[in-house]
Amino acid sequence: MKVDTLSERPKLVMGPVLFHWDAQVKLDFYARMADEADIDIVHVGEVVCSKRMPFFDKHLPDVIERLHRGGKQVVVSTLALVMGGREAEMIRDVTAMADDMPGVLIEANDMSAAGLLAGHPHSIGPFVNIYNEGTLRHFARRGAVRVGLPWELPMESVQILCAHRGAVEIEMQVFGRVPLAISARCYSARAQGLHKDGCRYVCGDHCDGMDVDTLDGEAFLAVNGLQTLSHSYLDLSGDIPALQQAGVGVFRLSPHSFDMVTIAGLYRQVIDGKITSEDLQDRLFDLCGDIDLANGFLHGKPGAIFDELPDRARGE
Amino acid sequence: MELVCPAGTPASLRAAVDAGADVVYCGFRDATNARNFPGLNFSRDELAEGIAYARTRGVHVYLACNTFPKADHEHIWHQAVDDAVSLGVEAIILADIGLLGYARDKHPDARLHLSVQASASNVDAIRFYHREFGVRRVVLPRVLSLMEIRELNCAIPVETEVFAFGGMCVMAEGRCLLSSYATGESPNMNGVCSPAAQVHYLERGDTTVSKLGNFTINVYGASEKVGYPTLCKGRFKAMDKAGYLFEDPTSLDVTAILPELAAVGVTALKIEGRQRGKAYIAQVVSSFRTALDRIAAGQKVQTGTLSHMTEGMSGTTGAYQRGWQ
């Protein structure tokens with residue numbers, strides 16, 4: 001185990017942009033990722049809603065080229081919920097390119113993409129349910145080189161899956177709001193009395209998701225079109241040493257409207273043992289304002305909870 | 001269309017059989033099934049007796065083993081599959097890929113159905129489960145419209161089963177962590193959603209507050225009927241407006257579109273509700289039996305007969321009609 005963690009430098013990943021940002025904002029974001037961020041892998045591709053794709057697909061070749069010039073591996077993430085013939089066709093098109101794009105890996109986020117990618121090197125994203133060794137083995141045999149584990153797994157499951165990983169890299173999200181659910185129905189549209197077919201792309205009004213509070217005024221969830229996210233921001237910086245020890249080799253940050261270059265640098269320093277989780281959190285509150293942090297899932301508790309460091313999490 | 005009915009207890013199983021079910025589906029009394037509620041589900045002996053009761057009346061039994069096995073605990077789920085086969089159920093309903101692989105390898109002749117928890121919502125995903133595991137039927141996620149179901153049925157080599165009545169997940173099933181986020185107990189891992197042990201009701205002035213874990217799911221005025229705080233059916237605040245953000249308190253009821261479902265090639269109709277009592281089961285099953293018999297005889301179906309059984313006294317056809325989205 002020790003040889004493993006020393007011989008391979010842990011990788012830092014910028015996950016797919018989950019939100020409907022303006023094309024120019026996304027272009028600027030990827031330019032910074034390419035030129036400034038201490039990141040190994042950058043995801044592109046629309047994961048939440050196929051209606052958003054026409055806004056950015058035309059820029060993808062340039063973005064991928066720029067990221068490659070910046071020395072990043074590029075992963076194309078596919079849709080999490082694939083419905084209907086048109087979306088199925090899109091998945092066939094993107095998975096058909098698996099072998100034609102050097103330096104690009106495709107991440108399957110549903111079972112249609114996973115099935116179509118079998119036999120080619122690919123990645124399985126965290127929207128695909130991998131809860132046990134048998135399922136991990138299935139994907140490893142069919143060409144998965146990396147798998148992102150589901151957000152709700154407790155540490156003991158992560159440890160067991162890592163012990164059975166073989167040559168497969170294990171990835172976990174360590175920062176950002178957690179995707180909790182996806183639906184055929186658009187809740188950004190519904191909140192404004194609109195239907196999905198005439199949504200006016202109102203999901204784009206909220207660059208980190210639309211806040212959802214309980215009737216007692218407690219922050220609870222965040223809505224991003226078809227997707228529902230946690231209101232809190234996952235922060236597993238305090239668990240990174242244990243995750244590395246277990247064999248997690250790839251750490252994902254999920255993009256938000258904050259300074260993700262600096263945030264990536266902070267997580268890199270935690271991975272390298274240069275700063276503590278507390279140092280990182282202090283800086284996060286400076287950078288992101290008064291956000292709630294959570295780590296409950298990994299600790300076997302409700303995902304909304306921040307375990308062990310409650311006072312710091314509230315910004316003191 | 002085949003009528004597939006729920007049973008959480010031996011008494012409900014007999015009620016469903018007597019009311020005209022073609023099939024009854026059940027689960028074992030543990031975390032291997034997605035209705036892992038206290039006092040519910042079947043021991044091995046109870047299932048054996050249930051199968052005998054059903055079989056003498058020409059009714060089939062399916063076993064739902066549709067949660068995702070916990071790492072290092074797969075043997076519990078493997079045992080459930082082995083026992084279901086040796087007890088002689090007509091089909092096993094599975095969601096987990098590792099478990100499907102186990103069932104296929106160990107019991108090549110067993111009839112496997114894909115649970116709604118696998119969220120197979122498109123042609124290629126369904127083809128994958130058919131190719132890899134020989135799945136013979138897929139229970140479709142409650143996200144598809146009639147048009148999309150028709151398209152699917154033209155393109156896939158397996159039967160489709162759709163939800164017809166009862167509680168309605170508005171999120172894609174098997175991919176929802178909302179309950180887990182609020183309570184630490186998850187449909188995928190524990191077989192529970194919005195668990196009763198974490199439900200509290202508080203009186204506050206003349207309002208009633210329903211809570212799940214630490215979160216307020218709804219606040220009811222004196223004149224409002226208090227409902228169970230299922231997370232996605234709660235009332236929340238977004239953009240300064242309070243309301244049922246995800247779904248109104250309502251139940252799925254496809255009685256009005258039964259002919260359309262038959263026309264788009266659906267093989268089986270599933271009634272949700274293994275947690276329901278035998279009186280509820282008897283009434284819902286017999287209402288659907290009557291409706292299906294009338295359709296078979298070329299007669300018109302009477303709608304609204306079950307409206308008193310639905311949450312909020314209102315039925316929806318959900319995603320089957322695109323306007324829902």
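Residues numbered from 1 in each chain as written. Chains lettered and ligands numbered in written order. Predicted model: local features only at pLDDT ≥ 70, side-chain atom pairs only at ≥ 80, totals over all residues.

*Asks:* How should the overall build of chain B be read in this particular structure?
*Replies:* Regarding its fold elements, chain B presents 10 helices and 15 strands. With respect to the principal axes defined by its C-alpha atoms, chain B has extents near 60 × 55 × 40 Å. Counting across all 325 residues of chain B, residues that qualify as buried make up 56%. Of the contacts formed within chain B by residues at least 6 apart in sequence, a portion of 62% connects residues at least 24 apart. (Helix = DSSP H or I, 4+ residues; strand = E, 2+ residues; numbered from the N terminus. Buried ≥ 20, exposed ≤ 12 C-beta atoms within 10 Å, placed from the backbone. Contact = placed C-beta atoms within 7 Å.)

*Asks:* Explain the nonpolar core here, please?
*Replies:* Nonpolar side chains in soluble globular proteins tend to end up buried together. Core analysis: the biggest nonpolar cluster contains 212 residues, and A:Tyr267, B:Cys5, B:Ala16, B:Val24 and B:Ile92 have the highest contact counts within it. Ranked by residues supplied to this core, first place goes to strand S7 (residues 169-182) of chain A with eight residues. Both domain 1 (2-168 + 250-324) and domain 2 (178-243) of chain B contribute no fewer than three residues apiece to this core. Leave out the neighbours within four places in its chain, and B:Cys5 touches B:Ala16, B:Ala21, B:Val23, B:Val24, B:Ile271, B:Ile281 and B:Val285. (Core = buried A, V, L, I, M, F, W, Y, C linked by C-beta atoms within 7 Å. Domains from an automatic or database assignment.)

*Asks:* Before we go on, may I ask you to explain the domain arrangement of chain B in this structure?
*Replies:* A common measure of how large an interface is: the accessible area buried when the components associate. Residue and element names in this part refer to chain B. Taken as a whole, chain B is organised into domain 1 (2-168 + 250-324) and domain 2 (178-243). Computed from C-alpha coordinates alone, the two centres of domain 1 and domain 2 are separated by 27 Å. Counting residues at the interface gives 10 residues for domain 1, matched by seven residues for domain 2. Split by residue class, the side of domain 1 that touches domain 2 holds four nonpolar, three polar and three charged. (Nonpolar A, V, L, I, M, F, W, Y, C, P; charged D, E, K, R; others polar.)

*Asks:* I would appreciate a short explanation of the interface of chain A and chain B in the present structure.
*Replies:* Counting residues at the interface gives 56 residues for chain A and 57 residues for chain B. Grouping the constituent residues of the side of chain A that touches chain B by class yields 26 nonpolar, 17 polar and 13 charged. Across two bridges, the pairing between strand S8 (residues 210-214) of chain A and strand S11 (residues 236-238) of chain B is antiparallel. Considered in S11(B), the bridge of A:Asp213 is made with B:Lys237. (Pairing = 2+ DSSP bridges.)

*Asks:* Looking at this model, I keep getting lost on the packing of helix H1 (residues 10-19) of chain B against helix H2 (residues 44-56) of chain B. Mind explaining?
*Replies:* Between two packed helices, the angle of one axis relative to the other and the distance separating the axes together describe the packing. Residue and element names in this part refer to chain B. Two elements in contact, H1 and H2, have axes whose closest approach is 10 Å; the angle formed by their N-to-C orientations is 15°. The angle between H1 and H2 falls in the class roughly parallel. Where H1 crosses over H2, the handedness of that crossing is right-handed. Across the interface between the two elements, Pro10, Leu13, Arg14 and Val17 from H1 touch Glu46, Glu49, Gly50, Tyr53 and Ala54 from H2. Grouping the amino acids of the contact of H1 with H2 by side-chain chemistry returns five nonpolar, one polar and three charged. (Axes fitted to C-alpha atoms, helices over the stretch in contact; angles between N-to-C directions. Parallel < 35°, antiparallel > 145°, perpendicular 65-115°, else oblique. Left-handed = near helix turned anticlockwise from the far one by under 90°.)

*Asks:* Can you help me understand the sheet that holds strand S10 (residues 215-220) of chain B in this one?
*Replies:* To summarise the sheet geometry, strands pair through backbone hydrogen bonds and adopt either a parallel or an antiparallel arrangement. All names here are of chain B. Across the sheet, which stays open at both edges, the three strands sit in the order S8-S9-S10 with antiparallel pairing between neighbours. The open sheet has two edge strands with one neighbour each: strand S8 (199-204) and S10. Adjacent strand axes in the sheet meet at a mean angle of 25° when their direction is disregarded. The sheet contact formed by strand S9 (residues 207-212) and S10 spans five bridges and is antiparallel. Among the inter-strand pairings, lysine 211 is bridged to a residue of S10, identified as threonine 216.

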